[in-house]
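Structural description and commentary
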Amino acid sequence: MSSGESGFPAARQGRARGLRMLLTDPALPVAALGMAAIITALHAPVLTWAITGGLAGYSLSGSV
């Protein structure tokens, strides 16, 4: 059984490299952010009023 530079067997290094590539691949975060953007765009009027109401309530409460 050959070992690589790190002292681990070559097969284990290959699995670790594959796992590292899956964990650092930007496809999953990009897809999640894309879905979040679409969902946010569909609910924009509700979110706008919620944020506006929250800011108005904060400013009217004397916290500012």
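From a predicted model like this one, the values you see are computed outputs, not experimental measurements. (Residues numbered from 1 in each chain as written. Predicted model: local features only at pLDDT ≥ 70, side-chain atom pairs only at ≥ 80, totals over all residues. Heavy atoms only, no water.)

**Re the overall build of the protein chain**
To keep it simple, the criterion reads: We count a stretch as a helix when DSSP gives it H or I for four or more residues in a row; a strand needs E for two or more, and each element gets its number in order from the N terminus. Think of it in three bands: residues with accessible area under 20% of the maximum for their type are buried, residues over 50% are exposed, and the middle band is partly exposed, with areas taken using a 1.4 Å probe on protein chains only. The protein chains shown are the only cover counted for residues, whose accessible areas, like all others here, come from Shrake-Rupley with a 1.4 Å probe.
Looking only at helices and strands, one finds 3 helices and 0 strands in the protein chain. In the protein chain, the order of α-helices and β-strands from amino to carboxyl end is α-α-α. Scored against the burial criterion, the 64 residues of the protein chain give a buried share of 0%. By element, 72% of the accessible surface of the protein chain is carried by carbon and sulfur atoms, the whole surface being about 5600 Å².

**Concerning the packing of helix H2 (residues 27-42) against helix H3 (residues 44-60)**
Worth spelling out the cut-off: Geometry is summarised by axes, namely lines fitted to C-alpha atoms with helices restricted to the contacting stretch, and by angles between N-to-C directions that run from 0 to 180 degrees. Roughly parallel here means an angle under 35 degrees, roughly antiparallel means over 145, roughly perpendicular means 65 to 115, and every remaining angle is called oblique. The contact definition used throughout considers only heavy atoms, calling two residues in contact when any of these lie within 4.5 Å.
Running from N to C, H2 and H3 cross one another at 75 degrees; their axes reach a closest spacing of 5 Å. On the basis of the axis angle, H2 is roughly perpendicular to H3. Residue-level contacts link Thr40, Ala41 and Leu42 of H2 to Ala44, Pro45 and Leu47 of H3.

**Quick word on the confidence of the model for the protein chain**
Going by this rule: Every residue is assigned a pLDDT by the predictor, reflecting its confidence on a scale from 0 to 100.
Scored by pLDDT, the protein chain comes out at a mean of 82, with 78% of its residues at no less than 70. Confidence scores differ between elements of the protein chain, with helix H1 (residues 10-24) showing the lowest mean pLDDT of 75 and H3 the highest of 93.

**Some points on H3**
Let me state the cut-off plainly: Multiplying 1.5 Å by the residue count of a helix minus one yields the expected span of that helix.
For H3, with 17 residues, the first-to-last C-alpha span of 24 Å sits near the 24 Å given by 1.5 Å per residue. Phi for Gly62, located one or two positions after H3, is positive at around 85 degrees.

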